[in-house]
Amino acid sequence: MTQTTAPAPLHWKLVIDALDPHTQADFWSAALHYTVEDNSALVERLLEAGALPGAATVEFHGRPAFRDLIAVRHPEDPYDEDSGTGHGRRLLFQRVPETKSGKNRLHLDLHPGRDRRAEEVQRLLKLGASVLREVDGPGGTWVVMADPEGNEFCVQ
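Just so we're clear, the structure is a prediction, and the values are computed from it rather than from any experiment.

1. Examining the layout of surface pockets
In this approach a probe as big as a water molecule rolls over the atoms, and the regions it shows empty are the leftover space.
Moving on, step 1. When its volume is computed, the largest pocket comes out at roughly 490 Å³.
Moving on, step 2. Ile16, Asp17, Lys100, Asn104 and Asn151 are the residues nearest the centre of the largest pocket, which is lined by 23 residues in total.
Moving on, step 3. Considering every element that reaches the lining of the largest pocket, the biggest residue donor is strand β1 (residues 14-18), with five residues.
Moving on, step 4. Split by residue class, the lining of the largest pocket holds nine nonpolar, six polar and eight charged.
Moving on, step 5. There is about 190 Å³ of room inside the second largest pocket.
Moving on, step 6. What lines the second largest pocket is Ala31, Leu32, His33, Asp109, Leu110, His111, Pro112, Arg116 and Glu120.
Moving on, step 7. Broken down by secondary-structure element, the contributors of at least two residues to the lining of the second largest pocket are α1 (21-32) and β7 (108-110).
Moving on, step 8. When the residues that make up the lining of the second largest pocket are grouped by side-chain class, the tally is four nonpolar, two polar and three charged.

Here it is in structure tokens:
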């Protein structure tokens, strides 16, 4: 009898287009209690090797960072200490030239719990989110919000 081995799960990240990836990273790291990835050692190595032009970098929280990309990761997930890149739950923000033009086809649902929903909505408002609408229907109750660039997400 031949035994088949199930394929290993794929590693993935959610990539979000942004006009200002660093502002989005700050918002979502605070919203999710995640960690902004520190890629400064990798950026410095690439600059020193001439593999990355200085114009492709910015200073972010006092350290060099990629100008057009930055990620946030769950603080308990593993990451590569050489590059700062996470190997678990991550959101990667990439710079694009255009603003958001329609409804998201994919969004995050945050689950603070029914007894903490109002408190969490207030915290997110202080971080720069806005309330789009409140939903109370047969499928449940939640608040639809938008991040600073207008990307929708829900607070259950």
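2. Points about the sheet that holds strand β10 (residues 152-155)
Moving on, step 1. Taken in spatial order, the four strands of this open sheet run β7-β10-β9-β8, and their pairing is mixed. The open sheet has two edge strands, β7 and β8 (130-137), and neither has a second partner. Neighbour-to-neighbour, the strand axes of this sheet turn through a mean angle of 25°, independent of strand direction.
Moving on, step 2. Note: β7 against β10, three bridges, orientation parallel. Within β10, the residue paired with Leu108 across the bridge is Phe153.
Moving on, step 3. This element, helix α3 (residues 117-127), spans β7, β8, β9 (140-146) and β10 of the sheet and lies at about 5° to β9.

3. What to know about the pattern of salt bridges
Moving on, step 1. Under the definition given, this model contains eight salt bridges.
Moving on, step 2. With a shortest N-O distance of 3.9 Å, Arg116 and Glu120 are connected by a salt bridge.
Moving on, step 3. Through salt bridges with shared partners, a single ionic network connects Arg67, Asp68 and Arg95.

About the thresholds
Residues numbered from 1 in each chain as written. Predicted model: local features only at pLDDT ≥ 70, side-chain atom pairs only at ≥ 80, totals over all residues. Heavy atoms only, no water. 1 Å grid on protein atoms, 1.4 Å probe; cavity = no way out; pocket = protein on both sides within 12 Å on 5 of 7 lines; lining within 4 Å. Points joined across faces, edges and corners; volume = space filled by probe spheres on them. Helix = DSSP H or I, 4+ residues; strand = E, 2+ residues; numbered from the N terminus. Nonpolar A, V, L, I, M, F, W, Y, C, P; charged D, E, K, R; others polar. Pairing = 2+ DSSP bridges. Axes fitted to C-alpha atoms, helices over the stretch in contact; angles between N-to-C directions. Contact = heavy atoms within 4.5 Å. Salt bridge = Lys/Arg side-chain N within 4 Å of Asp/Glu carboxyl O.

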